[in-house]
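Listed below are the residues making up each chain.
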Amino acid sequence: MDKRKVEAMREGGKIMAQIFSELRDYTQAGLTGKEIDAWVAKKIVDYGAGVAYYEPEVDFPGSICISVNDELIHGIPKDIVLEEGDKVSYDLVIKYMGYYVDSAFTMIIGKPTAAQKHLLNITESSLYEGIAQVKPGAKIGDIGAAVQKVLEKGKLGVIKNYVGHGIGKSMHMEPEVPNYGRKGHGYTLQVGDTICIEPMSSLGKPDTVVVEGDDGWTVCLKDGSLGAHFEHTVLVTEDGYEILTQA
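Asker: Residue-level account of the overall build of the protein chain, with values.
Answerer: Across its full length, the protein chain carries four helices and 15 strands. Considering only C-alpha atoms, the protein chain reaches an extent of 45 × 40 × 35 Å along its principal axes. A total of 247 residues make up the protein chain; the buried ones form 55% of that total. Once local pairs closer than 6 in sequence are excluded, the contacts in the protein chain between residues at least 24 apart make up 69%. When the accessible area of the protein chain is evaluated, it comes to approximately 11000 Å², of which 50% is carbon and sulfur surface. A distance of 7 Å separates the average location of the 25 positive side-chain charges in the protein chain from that of its 36 negative side-chain charges.

Following this line, the structure appears as structure tokens:
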């Protein structure tokens, strides 16, 4: 196992978890996406990490993806004011000591409806069920099958055209980590692997569309339903796993 990589990603994960903890408290109705984005960018730098999305090879117009309501992922921070009842998904990558960590969570501003609670609870549960499959010798398909089972049992749409991934020296690496699959199939996990498991779901159909024109980034659900996204960076250890981006 590469000790330098693990230590860097472990420390980067602690920074990520701290930023997300503060971001949950900071988010409220009346703020705009751009105000939140500026706050996140400052926090990243204050904690001694790098704003990964600013790098030339990414060139994303923000420090964090902010996806509101029917926006599923890759939402560009906007000047639009957030309101009570809005669903907000945050997806963040930071760089620390030459290595990347990636995490995401979804929240509701104010009091959630029963449907919103269901969407978030089931999707987050599917993340941890997927993580529970991680150990040396496990297959990527074991993870996807576990995630898919939870989402389908909860009657949620399973997003299949966007997937998790390996991570480390680069933001996105092999192997791909789908949110669906067959047990016993796919890449075999090894000690020292670091992967991002990131279930994405919908209350309606799972079909998506990318906003065109000046945006070109934001992925929305075609039917206008709400979507959720949860993610952790996970290390494969000798006896199982370690969630690097969890407080």
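What follows continues from the structure just given.
Asker: Quick one: what's the story with the sheet that holds strand E12 (residues 219-221), residue by residue and with numbers?
Answerer: With antiparallel pairing, three strands are arranged side by side in an open sheet as E3-E12-E11. Looking along the sheet, the strands with just one partner apiece sit at the ends: strand E3 (71-73) and strand E11 (208-210). Shown here is a sheet whose adjacent strand axes are inclined to one another by a mean of 40°, direction ignored. Summarising the sheet, E3 and E12 pair through two bridges and their orientation is antiparallel. The residue bridging Glu 71 from the neighbouring strand is Cys 220, located in E12.

Asker: A description of the nonpolar core should follow, citing residues and the corresponding values.
Answerer: Core analysis: the biggest nonpolar cluster contains 66 residues, and Leu 23, Tyr 90, Leu 92, Ile 143 and Ile 197 have the highest contact counts within it. Broken down by element, the residue count for this core peaks at eight residues, all from helix H1 (residues 3-26). Not counting residues up to four positions away in its chain, the partners in contact with Leu 23 are Ile 36, Trp 39, Val 40, Ile 64, Tyr 90 and Phe 105. Core analysis: the next-biggest nonpolar cluster, separate from the first, contains seven residues, Tyr 162, Met 200, Val 219 and Leu 221 among them.

Asker: Describe helix H2 (residues 33-46), naming the residues involved and giving the relevant values.
Answerer: Between its first and last C-alpha atoms H2 spans 20 Å; for 14 residues at 1.5 Å apiece the expected length is 20 Å, and the two agree. Looking only at H2, the buried set comprises Gly 33, Ile 36, Asp 37, Trp 39, Val 40, Ala 41 and Ile 44. Contact partners of the buried residues in H2: H1, strand E1 (50-51), strand E2 (65-68) and strand E4 (87-96). Gly 48 sits one or two positions beyond H2 and adopts a positive phi of about 85°.

Asker: Quick rundown of the packing of helix H3 (residues 114-131) against helix H4 (residues 140-153)? Include the residues and the values.
Answerer: Running from amino to carboxyl end, H3 crosses H4 at an angle of 155°, the nearest separation of the two axes being 8 Å. Classified by the interaxial angle, the pair formed by H3 and H4 is roughly antiparallel. As H3 packs across H4, the resulting crossing turns out to be right-handed. Of H4, the residues touching H3 (which contributes Ile 122, Thr 123, Ser 125, Ser 126, Glu 129 and Gly 130) are Ile 143, Ala 146, Val 147, Val 150 and Leu 151. Tallied by class, the residues present in the contact of H3 with H4 amount to six nonpolar, four polar and one charged.

Asker: Outline the sheet that holds strand E13 (residues 227-229), supporting the account with residue identities and numerical values.
Answerer: If you walk across this open sheet you meet the three strands as E6-E10-E13, and the pairing is antiparallel. In this open sheet, the two edge strands, each paired with only one partner strand, are strand E6 (157-158) and E13. Bridge count for E6 against strand E10 (residues 200-202) is two bridges, and the pairing is antiparallel. Across the sheet, residue Val 158 finds its bridge partner in E10, namely Ser 201.

Asker: Which residues make up the packing of aromatic side chains, and what values go with them?
Answerer: As enumerated under the stated definition, the model contains five aromatic pairs in all. Judged by centre distance (5.3 Å) and plane angle (55°), the rings of Tyr 53 and Phe 60 are tilted. Its relative accessible area of 5% is what places Phe 60 among the buried residues. Chaining the aromatic ring pairs together yields one cluster made of Phe 20, Tyr 90 and Phe 105. Between Arg 24 and the ring centre of Phe 105, over which it is positioned, the NZ or CZ distance is 4.0 Å.

Asker: Please provide a residue-by-residue account of the side chain of Ser 63, values included.
Answerer: By secondary structure assignment, the location of Ser 63 is in the loop between E1 and E2. Of the polar contacts made by the side chain of Ser 63, one reaches the backbone nitrogen of Ala 41; its length is 3.5 Å.

Asker: Quick one: what's the story with the side chain of Asp 86, residue by residue and with numbers?
Answerer: Mapped onto the elements of the fold, Asp 86 is located in the loop between E3 and E4. No salt bridge is formed by the buried Asp 86. Its closest oppositely charged neighbour is Lys 87, at 9.6 Å. At 3.1 Å, the side chain of Asp 86 and the side chain of Asn 69 are in polar contact. Non-local contacts of Asp 86, meaning those with residues more than four positions away in its chain, are made with Val 68, Asn 69, Val 81, Met 107, Ile 108 and Ile 109.

Parameters at a glance
What you see as residue numbers is a count from 1 along each chain, following the sequence as written. Restriction of local features to residues with pLDDT of at least 70 applies here, the model being predicted, together with a cutoff of 80 or more for giving and counting side-chain atom pairs; totals for whole chains, interfaces and linings are based on all residues. To get the side-chain values, take all heavy atoms of the structure and skip hydrogens and water. Helix numbering and strand numbering both begin at the N terminus, where a helix is a DSSP run of H or I of at least 4 residues and a strand a DSSP run of E of at least 2. Partly exposed describes any residue whose relative accessible area lies between the buried limit of under 20% and the exposed limit of over 50%, with all areas from a 1.4 Å probe on protein chains only and scaled to the type maximum. Any two residues having at least one pair of non-hydrogen atoms within 4.5 Å are treated as being in contact. We get accessible surface area from the Shrake-Rupley algorithm with a probe of 1.4 Å; when it comes to residues, only the shown protein chains can shield them. Positive: Lys, Arg. Negative: Asp, Glu. His and the chain ends are not part of the count. The atoms used to mark charge sites are NZ of Lys, CZ of Arg, CG of Asp and CD of Glu. The criterion for strand pairing is that DSSP finds at least two bridges linking the strands in question. Note on method: axes are straight lines fitted to C-alpha atoms, helices fitted across the in-contact stretch only, with angles between N-to-C directions ranging 0 to 180 degrees. The definition of a nonpolar core used throughout is a set of buried Ala, Val, Leu, Ile, Met, Phe, Trp, Tyr and Cys residues joined through side-chain atoms within 4.5 Å. Helices are assigned an expected span. That span is 1.5 Å times one less than the residue count. Note on angle classes: values under 35 degrees are labelled roughly parallel, values over 145 roughly antiparallel, values of 65 to 115 roughly perpendicular, and the remainder oblique. Handedness of a crossing follows from how the near helix is turned relative to the far one, being left-handed for an anticlockwise turn of less than a right angle and right-handed for a clockwise one. Residues are sorted three ways: Asp, Glu, Lys and Arg are charged, Ala, Val, Leu, Ile, Met, Phe, Trp, Tyr, Cys and Pro are nonpolar, and all the rest, Gly among them, are polar. Centres within 6.5 Å make a pair out of two Phe, Tyr or Trp rings, where for Trp the six-membered ring is used; the pair is then stacked when the planes are under 30 degrees apart, edge-to-face when over 60, and tilted otherwise. Remark: a charge is flagged as sitting over a ring if the NZ atom of Lys or the CZ atom of Arg is within 6 Å of the ring centre and within 35 degrees of the ring normal. In protein, a polar contact requires one atom able to donate a hydrogen and another able to accept it; more generally it is a pair of N or O atoms within 3.5 Å, and residues adjacent in sequence count only if both atoms are side-chain atoms. By definition, a salt bridge exists where a carboxyl oxygen of Asp or Glu is found within 4 Å of a side-chain nitrogen of Lys or Arg.

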